[in-house]
Amino acid sequence: MEFGYFLIAFIAVVIFIVFKGFVIVPQGKKYVVERLGKYTKTLDPGLHLLVPLVEQVEYKLTTKDITLDIPSQIAITMDNAQILANAVAFINITDPHKAVYGIEDYSRAIMNLIQTSLRSIIGEMKLDEALSSRDLIRSKLQNSISNDINEWGILLKTVEIQDIQPSESMQKAMEEQAASERKRRADILRAEGERQAMIEIATGKKQADILEAEGEAQAAVLQAEAQVSLARGNSEAIEQIQNAMQESAKGGEFILAENYIAALNELAQGQNAKIVLLPPNIDSVFGNMLSQALKK
C-alpha cells in the first residue's frame, strides 16, 4: 500500500512539473526565458513548452506602446530666465533581450535622458524663442535621444512638450515688464496726441495770419485803387477847369469866386466866427459874377 501511495504522489508531481513546463504567452506580450540563469530565448504570443526546473520565464514585457510622463522641471535659458517644462514620450520595445539586459531600468533611464536633453536644448535658446518654439524643441529632443535608446532595443515613437512656461517669479517679472511697457506706450500716444494738437493749433493760427494778411493786402490794394481813381478824377476836373479858363478868364474867376463864397459861408456859420476877411478885389469879383449872371 505504501508503494502505491508513493507512486501516486510521484505521478502527481511529474504531472505538476510537466504542467508547469507549459507556458501561454498572451497577445501583446513577450516573455524572456532563462536556462539556469542564462538568457535562452524570447517567447512570442502563443503556447510554449519549457524544460521544467531548468528553463523559466524571467521577464514579461509588453509589445504595446508605453507612455512615459516626464515630470516638470526648471530649465534656465540662454538669457538666464527660469522656465518650467514637462513632456510626454511614447516608446515601443522592439528587442526585449536588449531592453532587459542592456539597461537596468529602461523607463527611468529614458525619463532621465529626456529631462537632461530638454534642459540642454532650452539652455541654448532665449526666453522668447523657448516659449514660442515647441515644435523645434520637440524635434531636437527626439533626434537627440532616439539613437541612445535604440541601443536598448527601444523605439521612440514620439515625444511631445506638454507644457512650457516661465517660473512663478519670472511670470511676476514679465507681468511687471508688460505693465511698464503698456504705460510707456500710453505715454507715447498721449505725447503724440498733444504734439499733433499743438501742430494743428499752430497750423490754424498760421492760416488765420495768412488770411488776415491777405485781407489787409487786398484792402490796401482797394484803397490804393480808390486813391488812384480820386486822383484821376481830380486831374480830369483840374484839366477841365484849365480848359475853361483858357477859353474865358472871366469864367475861371467866376468859378473861384463861387468856391470862395462857399468857404466864407462855412466860416460864418461857426460858433466862434466873429471876423470875416474879404479880399481887396471883392468888388471886381462880384461885378464879374453879376455880369456872368446877366449874360445867362
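Residues numbered from 1 in each chain as written. Predicted model: local features only at pLDDT ≥ 70, side-chain atom pairs only at ≥ 80, totals over all residues. Heavy atoms only, no water.

### Description of the environment of S139
Along the chain, S139 turns up in helix α5 (residues 134-150). Between the alpha carbons of S139 and V159 there is a distance of 8.4 Å; along the sequence they are 20 residues apart. (Helix = DSSP H or I, 4+ residues; strand = E, 2+ residues; numbered from the N terminus.)

### Notes on the sheet that holds strand β5 (residues 55-62)
Pairing is antiparallel across the open sheet formed by three strands, whose spatial order is β3-β2-β5. The sheet is open, and its two edges are formed by β3 (38-43) and β5, each paired on a single side. Geometrically, the sheet is characterised by an average inter-axis angle of 30 degrees between neighbouring strands, direction not taken into account. (Pairing = 2+ DSSP bridges. Axes fitted to C-alpha atoms, helices over the stretch in contact; angles between N-to-C directions.)

### Thoughts on the pattern of salt bridges
According to the stated counting rule, one finds seven salt bridges in the structure shown. Between D65 and K157 there is a salt bridge, and its shortest N-O distance comes to 3.1 Å. Taken as a pair, D65 in the loop between β5 and β6 (66-76) and K157 in strand β8 (residues 154-166) lie far apart in primary sequence, 92 residues in all. Measuring nitrogen to oxygen at the nearest pair gives 3.7 Å for the salt bridge that ties D163 to R134. Residue D163 is found in strand β8, and its partner R134 is found in helix α5; the two are separated by 29 residues along the sequence. On the accessibility criterion, R134 (34% relative accessible area) is partly exposed. (Salt bridge = Lys/Arg side-chain N within 4 Å of Asp/Glu carboxyl O. Buried < 20%, exposed > 50% of the residue type's maximum accessible area, 1.4 Å probe, protein only.)

### Observations concerning the side chain of T77
Positionally, T77 belongs in the loop between β6 and β7 (82-93). Setting aside chain neighbours within four positions, we find T77 in contact with I83, I122, G123, M125, K126, L127 and A130. (Contact = heavy atoms within 4.5 Å.)

### As for the nonpolar core
Counting 36 residues, the largest nonpolar core has I91, I110, I122, I137 and I154 as the members making the most contacts within it. It is helix α3 (residues 106-123) that provides the largest number of residues to this core, a total of seven residues. Core analysis: the next-biggest nonpolar cluster, separate from the first, contains six residues, V23, Y31, V33 and L43 among them. (Core = buried A, V, L, I, M, F, W, Y, C linked by side-chain atoms within 4.5 Å.)

### A short note on the sheet that holds β8
In space, the three strands of this open sheet follow the order β6-β7-β8, with antiparallel pairing throughout. One side of each edge strand has no neighbouring strand; the edge strands of this open sheet are β6 and β8. Across this sheet, the average inter-strand angle for adjacent strands is 20 degrees, counted without regard to direction. Sheet analysis places β6 next to β7, joined by nine bridges and oriented antiparallel. Bridging from a neighbouring strand, T67 pairs with F90 of β7. Taken strand by strand, α3 contacts β6, β7 and β8, and its axis lies near 35 degrees from that of β6.

### Topic: the packing of aromatic side chains
This structure, assessed with the given rule, holds two aromatic pairs. Ring centres of Y39 and Y101 lie 5.8 Å apart, and the angle between their planes is 70 degrees; this geometry places the pair in the edge-to-face category. Of the two residues, Y39 is situated in strand β3 and Y101 in helix α2 (residues 96-101); the sequence distance between them amounts to 62 residues. Plain terms: the ring middles of Y59 and Y101 are 5.8 Å apart, the flat faces sit at 85 degrees to each other, and that makes the pair edge-to-face. You can see Y59 sitting in strand β5 and its partner Y101 sitting in helix α2, a full 42 residues away along the chain. (Phe/Tyr/Trp six-rings, centres within 6.5 Å; stacked < 30°, edge-to-face > 60°.)

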